[in-house]
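What follows is the residue order along each chain.
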Amino acid sequence: MSANTTTEHENASRMLDDRDVVFVDGVRTPFGRAGEKGIYHGTRADDLAVKTVRGLLERNPQVPAEKIDEVSLAATTQTGDQGLTIGRTVALLSGIPQSVPGYAIDRMCAGAMTAVTSTAGGIAFGAYDLVIAGGVEHMGNHPMGAGADPNPRFVSERIVDPQALNMGNTAENLHDRFPAITKERADRYAVASQAKLAAAYENHQIQPDLVSVAAKRPGEGWAVHSVDEPPRPGTTMESLGELRTPFRAHGRVTAGNAAGLNDGATAALLASGRAVRELELAPKMRLVSFAFAGVAPDVMGYGPVPATEKALAKAGLDIQDIGLFEINEAFAVQVLSFLDYYGIDQDDPRVNRYGGAIAVGHPLASSGVRLMTQLARQFSEDHSVRYGITTMCIGLGMGGTVIWENPNHPDFGSKA
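Reading the values: the criteria
Residues numbered from 1 in each chain as written. Predicted model: local features only at pLDDT ≥ 70, side-chain atom pairs only at ≥ 80, totals over all residues. Heavy atoms only, no water. Phe/Tyr/Trp six-rings, centres within 6.5 Å; stacked < 30°, edge-to-face > 60°. Helix = DSSP H or I, 4+ residues; strand = E, 2+ residues; numbered from the N terminus. Buried < 20%, exposed > 50% of the residue type's maximum accessible area, 1.4 Å probe, protein only. UniProt positions renumbered as here; feature names shortened; annotations may be inferred. Axes fitted to C-alpha atoms, helices over the stretch in contact; angles between N-to-C directions. Parallel < 35°, antiparallel > 145°, perpendicular 65-115°, else oblique. Contact = heavy atoms within 4.5 Å. Nonpolar A, V, L, I, M, F, W, Y, C, P; charged D, E, K, R; others polar. Expected span 1.5 Å × (residues − 1). 1 Å grid on protein atoms, 1.4 Å probe; cavity = no way out; pocket = protein on both sides within 12 Å on 5 of 7 lines; lining within 4 Å. Points joined across faces, edges and corners; volume = space filled by probe spheres on them. Core = buried A, V, L, I, M, F, W, Y, C linked by side-chain atoms within 4.5 Å. Pairing = 2+ DSSP bridges. Salt bridge = Lys/Arg side-chain N within 4 Å of Asp/Glu carboxyl O. Left-handed = near helix turned anticlockwise from the far one by under 90°.

Remarks on the packing of aromatic side chains
- Following the criterion strictly, the structure yields seven aromatic pairs and no others.
- Ring geometry for Y302 and Y341: centres 6.5 Å apart, planes at 85°, overall edge-to-face. With a gap of 39 residues between them, Y302 in the loop between β9 (285-294) and α10 (304-315) and Y341 in helix α11 (residues 332-342) connect regions that are remote in the sequence.
- Residue classification places Y341 among the partly exposed positions, given a relative accessible area of 40%.
- Ring-pair connections join several aromatic residues into one group, and the members of that group are F178, Y302, F325, F338, Y341 and Y342.

Some details on the UniProt feature "domain: Thiolase C-terminal" (unreviewed entry) in the protein chain
- As recorded in UniProt, the sites labelled "domain: Thiolase C-terminal" (unreviewed entry) are residues 283-405.
- As annotated, residues 283-405 comprises 34% helix and 26% strand, and the C-alpha atoms at either end are separated by 10 Å.

Some details on the packing of helix α4 (residues 111-125) against helix α13 (residues 367-381)
- Where α4 contacts α13, the two axes come as close as 5 Å, and the packing angle between them is 70°. Between α4 and α13, the crossing angle belongs to the class labelled roughly perpendicular. Contact residues: α4 offers A112, M113 and V116, while α13 offers G368, V369 and M372.
- When its residues are assigned to classes, the contact of α4 with α13 shows five nonpolar, one polar and no charged.

Things to note about the environment of P64
- Tracing the backbone through its elements, the reader meets P64 in the loop between α2 (45-59) and β3 (70-74).
- A C-alpha to C-alpha distance of 9.7 Å links P64 and L130, two positions 66 residues apart in sequence.

So, α13
- For α13, with 15 residues, the first-to-last C-alpha span of 22 Å sits near the 21 Å given by 1.5 Å per residue.
- Buried residues dominate α13, accounting for 12 of its 15 residues.
- Along α13, the residues classified as buried are S367, G368, V369, R370, L371, M372, T373, Q374, L375, A376, Q378 and F379.

Let's talk about unusual backbone geometry
- The phi dihedral of R158 falls on the positive side, at around 55°, and the residue is not glycine.
- Of note, R158 is situated in the loop between α5 (153-156) and α6 (167-177).
- Residue classification places R158 among the exposed residues on the basis of a relative accessible area of 77%.
- Backbone geometry at H250 places phi at a positive 60°, although glycine is not the residue there.
- Relative to the helices and strands, H250 is located in the loop between α8 (237-241) and β8 (262-272).
- Taking relative accessible area as the criterion, H250 reaches 80% and is therefore assigned exposed.

A look at the layout of surface pockets
- Taken as a whole, the largest pocket holds about 1,000 Å³ of empty space.
- If you tally residues by element for the lining of the largest pocket, the top one is helix α12 (residues 357-360), at three residues.
- Of the residues belonging to the lining of the largest pocket, the class tally is 27 nonpolar, 11 polar and five charged.

Observations concerning the nonpolar core
- Formed by 39 residues in total, the largest nonpolar core has its most connected members in I322, F325, F331, F338 and I403.
- Going through the elements one at a time, α6, α7 (183-202), α10, β10 (322-327), α11 and β11 (387-394) are the ones with two or more residues in this core.
- Sequence-distant contacts of I403, defined by excluding residues within four places in its chain, comprise R286, L287, V288, S289, A311, L312, A315, L317, I322, Y387, G388 and I389.
- Formed by 38 residues, the second largest nonpolar core is a distinct cluster that contains A12, A45, A275 and V276.

Some points on the pairing of strand β1 (residues 21-28)
- The element β1 is largely enclosed, with a buried count of eight among its eight residues.
- Pairing of β1 with β8, which is carried by seven bridges, proceeds in the antiparallel orientation. Within the sheet, the bridge partner assigned to V21 lies in β8 and is S272.
- For β1 and β9, the ladder comprises two bridges, and the chain directions are antiparallel.

Some thoughts on α4
- Between its first and last C-alpha atoms α4 spans 21 Å; for 15 residues at 1.5 Å apiece the expected length is 21 Å, and the two agree.
- Burial runs high along α4: 11 of the 15 residues are buried.
- Where α4 is concerned, the buried positions are G111, A112, M113, T114, A115, V116, T117, T119, A120, G122 and I123.
- Trailing α4 by a residue or two, G126 shows a phi angle of about 105°, which is positive.

Overview of the pattern of salt bridges
- Overall, the coordinates contain 23 salt bridges when judged by the stated rule.
- Here R252 ties to E172 by a salt bridge, and the two come within 3.1 Å at their closest N and O atoms. With a gap of 80 residues between them, R252 in the loop between α8 and β8 and E172 in helix α6 connect regions that are remote in the sequence.
- On the accessibility criterion, E172 (0% relative accessible area) is buried.
- Put simply, R252 and D176 hold a salt bridge, and the shortest N to O gap is 2.7 Å. Of this pair, R252 sits in the loop between α8 and β8 while D176 is found in helix α6, placing the two residues 76 residues apart along the sequence.
- According to the relative accessible area criterion, R252 is buried, its value standing at 19%.

Topic: the packing of α6 against α11
- Between α6 and α11, whose axes approach to 9 Å, the crossing angle comes to 40°. Considering the angle they form, α6 stands oblique to α11. Read as a crossing pair, α6 and α11 show a hand that is left-handed. Facing α6, whose interface residues are A171, L174 and H175, α11 presents V333, Q334 and S337.
- Per-class residue counts for the contact of α6 with α11 are three nonpolar, three polar and no charged.

Laid out in structure tokens, this is it:
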């Protein structure tokens, strides 16, 4: 670390209040494809989570493990190797002292995001100074919806349209609601996501935050995985045009313009402003505000819009104040509906600079911290941006948004 960088971090730390919530660091495993052919077939979900927690602590040796106040980890299917209060079990498996508690979170796709916001509330309240928050999803071991038993009242009392229990159907519904979002636009967005991720890899912007994983597939030897498996660099409009539309005949949603089924884990270190100063940590982002909101389950992809409206209002900001967007790409149509609402061009350079889930994958409950880690790295590269957001849609009709401030910006910490 250069002297100038150290000075910048010291200046940013001095601008923090004791109860400010700071994103110190984030890591993730490379994401894999779910299923027998995936790199993590035969690997346990909790072992993936352990890799991220250990990797996070190894990257931050000045953080005493016994000083961590909480370990909050998310999983959507909380059974088998993703069950048994995974935050606590992963903490124990990671070698964190038994005195450190942990718990599990489930908010489907926004599990890791909720692990961050729930522990952030504890930091702001004064209950915590240091926490680890993240998520894991092994969709190979636990396919989406496996073991779920939706209450029949959902249908009999018309609380939820049965089609809303299938995320692909909800994406087709969004296309119906917004006919200007054509399949051509969705495919073009997907091609751009693949190209941006490939460029980010080439520029070494993804690799620094990956924790390598040694995995053994049944019947095969061990292999070390240090890059994501799902990306399809070189994807073209022509290749996407040949894909079938599995959710509706002559539909618009395909495997090419939607996130895949994936395995992976993430973990983040959050701290209070006081802990940042006491441990001489380097703040990467300050949490400004967050919000969750509900929408009709059959158009769940629209959830980021009301969530962002709430988060902006709580922060006293306008969408024009946001200089970077990390939007989870569950489906291209979901991102495009958000951008159209705010009048943002789908090729706007503020949006998903490193590509998104369409290219890199979306292991459900883990993805929220991937968005944060990527935004933090972009903040370190672009000091002209003061505010950025991480936002995502959530199954059964919800959205979540977190607004972050860049400590490298000249006005960091000053009141509007």
